[in-house]
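# Report on the structure
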Amino acid sequence: MADIESEEVKNLQIEFEWLMKAEVHAILKKLRELLIECAIRFPVPLYDNEGKRTEKYHLVASQDQLKCSVTLTGDSITQADISYKIKRTSNQIQRTCITSDAPWKLQQVQDAANHLQQAKNHIDNIDENYNFRSAEEVLQIIGELVAALQRGRSSLLIPKKRSIEELMKGRNMKSLSPNLPDDQAISFFLQCHKLVIAVYQLLNVQGTVKMEATQAECSVGWLNEVLVLFTVALTLCQQLKDKINAFKTDVLS
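Residues numbered from 1 in each chain as written. Predicted model: local features only at pLDDT ≥ 70, side-chain atom pairs only at ≥ 80, totals over all residues. Heavy atoms only, no water.

What counts, and what does not: UniProt positions are given in the numbering used here, feature names are shortened, and annotations may be inferred rather than shown by experiment.
Per an unreviewed UniProt entry, the chain goes by Protein rogdi and derives from Glossina palpalis gambiensis. As recorded by UniProt, the Sequence similarities (unreviewed entry) comment attached to the chain reads in full: "Belongs to the rogdi family."

Encoded structure:
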């Protein structure tokens with residue numbers, strides 16, 4: 001029995017050494033390929049992709065409360081025609097636009113691209129012939145990769161929450177022409193695979209200020225593809241982490 005257990009431990013040790021020497025590098029190479037595929041789909045210069053793309057979208061809320069046609073160039077809205085119904089009146093329509101002279105910046109796109117670049121840098125900093133010294137060293141690298149990938153994905157999934165005051169005073173509001181009344185604000189943001197426009201209006205209801213919000217959205221093809229690739233990369237990281245931890249339990253304990 002002791003000989004069998006000794007042989008099993010020896011075989012596990014050999015397998016673990018192969019994992020550290022060959023398989024970790026193979027998985028890192030696959031991860032790098034996934035990150036490049038992800039980068040190619042971004043509409044901004046990243047790695048060797050073609051750079052800025054121009055795409056047009058049309059967003060409409062129910063009962064035509066809000067209409068918006070948008071031209072998205074790279075990470076900026078370079079043209080938009082926006083019209084929406086004023087809540088405090090019955091038929092009045094507010095109109096405004098964005099022109100290429102003062103584009104509206106979608107910071108989420110650049111943030112996600114920056115985190116993706118950071119993830120790739122973690123891999124590029126490892127020589128393909130490097131011999132990993134310990135399981136902990138590999139787990140640290142995986143942890144850095146996962147953190148960068150999660151930040152990148154979250155940048156696109158979850159827009160930062162801002163108060164109505166922050167929205168009204170935001171620099172992007174200066175892109176609108178004509179300017180909106182002081183009791184109104186507009187926000188463009190990405191959420192999951194969608195581009196969303198939200199219109200906020202402050203109403204005085206019997207002496208109490210109330211905020212009304214109207215949203216319209218449309219699906220953005222490259223966003224969905226990017227999020228899928230982020231998820232696949234994170235899954236691959238988790239699989240490698242689980243395998244390393246399993247060997248730590250069986251071989252190193």
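## Some remarks on unusual backbone geometry
Under the convention used in this document: Starting at the N terminus, helices and strands are each numbered in turn, a helix being any DSSP run of H or I of at least four residues and a strand any DSSP run of E of at least two.
Geometrically, the link from Ser-177 to Pro-178 is a cis peptide bond, its omega value of 0° lying close to zero. Here Pro-178 lies in the loop between strand 6 (176–177) and strand 7 (184–191). At Gln-63, a position not held by glycine, the phi torsion is positive, near 55°. Looking at where Gln-63 falls in the secondary structure, it is placed in the loop between strand 1 (54–60) and strand 2 (66–73). Residues other than glycine seldom take positive phi values, yet Cys-192 does so here, at roughly 60°. Mapped onto the elements of the fold, Cys-192 is located in the loop between strand 7 and strand 8 (194–205).

## Section: the sheet that holds strand 9 (residues 208–219)
The cut-off we apply is this: Should DSSP find at least two bridges between two strands, the strands are taken to pair. The axes used here are C-alpha line fits, helices contributing only the stretch in contact, and every angle between their N-to-C directions lies in the interval 0 to 180 degrees.
Overall, antiparallel pairing links the three strands, which are arranged 7-8-9 in an open sheet. Each edge of the open sheet carries a strand with a single partner, namely strand 7 and strand 9. When strand polarity is set aside, the average angle formed by the axes of neighbouring strands in this sheet is 20°. Summarising the sheet, strand 7 and strand 8 pair through eight bridges and their orientation is antiparallel. In the strand pairing of strand 8, Gln-191 is matched with Lys-194.

## Considering the packing of aromatic side chains
Rules: Two rings from Phe, Tyr or Trp (for Trp, the six-membered ring) form a pair when their centres are within 6.5 Å of each other. A pair whose planes differ by under 30 degrees is stacked, one over 60 is edge-to-face, and the rest are tilted. Only protein chains enter the accessibility calculation, which uses a 1.4 Å probe; a residue whose area is less than 20% of its type maximum is buried, one above 50% is exposed, and one in between is partly exposed.
All told, the structure shown has three aromatic pairs when counted by the stated rule. Each ring, one from Phe-42 and one from Trp-222, has its centre 5.6 Å from the other, and the planes form 50°; the classification is tilted. Placement of the pair is Phe-42 in the loop between helix 1 (2–41) and strand 1 and Trp-222 in helix 5 (residues 221–250), with a sequence separation of 180 residues. An identical accessibility class is assigned to Phe-42 and Trp-222; each is buried.

## Quick look at the confidence of the model for the chain
Where we set the bar: Scored from 0 to 100, pLDDT reflects the predictor's confidence in each residue.
Overall, the prediction assigns the chain a mean pLDDT of 88, with 90% of residues at 70 or greater. Within the chain, no element has a lower average pLDDT than helix 1, which sits at 79, and none a higher one than strand 4 (residues 93–98), at 96.

## Quick word on the state of the cysteines
Rules: Throughout, a disulfide means two cysteine sulfur atoms within 2.5 Å of one another.
Scanning all chains against the criterion turns up zero disulfides. Cysteine Cys-97 shares no disulfide, and the gap to the nearest cysteine sulfur, in Cys-68, comes to 11 Å. Not part of a disulfide, Cys-237 finds its nearest cysteine sulfur in Cys-38, a span of 13 Å. Using a relative accessible area of 2% as the deciding quantity, one classes Cys-237 as buried.

## Describing the nonpolar core
Most often, soluble globular proteins keep nonpolar side chains buried together rather than apart. To keep things clear, this is the line we draw: Throughout this description, the term nonpolar core refers to a set of buried Ala, Val, Leu, Ile, Met, Phe, Trp, Tyr and Cys residues connected via side-chain atoms within 4.5 Å. The criterion used for residue contact is that any of the two residues' heavy atoms lie within 4.5 Å.
By size, the foremost hydrophobic cluster in this structure holds 79 residues, and its most contacted members are Phe-42, Ile-82, Ile-186 and Phe-188. Here this core takes 13 residues from helix 5, the largest share from any one element. Among residues more than four places away in sequence, those in contact with Ile-186 are Ile-82, Tyr-84, Thr-96, Trp-104, Met-173, Leu-176, Leu-180, Ile-197, Ala-198 and Val-199.

## Focus on the environment of Leu-31
Looking at where Leu-31 falls in the secondary structure, it is placed in helix 1. For Leu-31, a relative accessible area of 2% translates into the label buried. Linking Leu-31 and Ala-119, residues 88 residues apart in sequence, is a C-alpha distance of 9.5 Å. In this view, Leu-31 contacts Ile-123, Leu-145, Ala-233, Leu-236 and Cys-237; residues no more than four positions away in its chain are not counted.

## Quick look at the side chain of Arg-53
Inclusion rule: Charge counting treats Lys and Arg as positive and Asp and Glu as negative, with His and both chain ends excluded. Salt bridges are defined as contacts in which a side-chain nitrogen from Lys or Arg sits within 4 Å of a carboxyl oxygen from Asp or Glu. In the analysis that follows, any N or O atom pair within 3.5 Å is treated as a polar contact, provided that within protein one partner can donate a hydrogen and the other can accept it, and provided that, for residues neighboring in sequence, both atoms belong to side chains.
Structurally, Arg-53 can be placed in the loop between helix 1 and strand 1. For the buried Arg-53, no salt bridge exists, and the shortest N-O distance to an oppositely charged side chain is 4.0 Å, to Glu-55. Among the polar contacts made by the side chain of Arg-53, one reaches the main-chain carbonyl oxygen of Arg-41 at a distance of 2.9 Å. Each residue touching Arg-53, except ones within four places of it in the same chain, is listed here: Ile-40, Arg-41, Phe-42, Pro-43, Leu-72, Thr-73, Gly-74 and Trp-222.

## Observations concerning the packing of helix 2 (residues 107–124) against helix 3 (residues 135–157)
Note the threshold: Here roughly perpendicular refers to angles of 65 to 115 degrees, roughly parallel to angles under 35, roughly antiparallel to angles over 145, and oblique to all remaining angles. With the far helix as reference, a near helix turned anticlockwise by less than a right angle produces a left-handed crossing, and one turned clockwise produces a right-handed crossing. Note on residue categories: nonpolar means Ala, Val, Leu, Ile, Met, Phe, Trp, Tyr, Cys or Pro, charged means Asp, Glu, Lys or Arg, and polar means any other residue, Gly included.
Where helix 2 contacts helix 3, the two axes come as close as 8 Å, and the packing angle between them is 165°. Considering their axes alone, helix 2 and helix 3 lie roughly antiparallel with respect to each other. The interaxial crossing formed by helix 2 with helix 3 has left-handed handedness. Together, Gln-108, Val-109, Asp-111, Ala-112, His-115, Gln-118, Ala-119, His-122 and Ile-123 of helix 2 and Glu-144, Leu-145, Ala-148, Leu-149, Arg-151, Gly-152, Ser-155 and Leu-156 of helix 3 make up the contact between the two elements. Considering only residue class, the contact of helix 2 with helix 3 consists of eight nonpolar, six polar and three charged.

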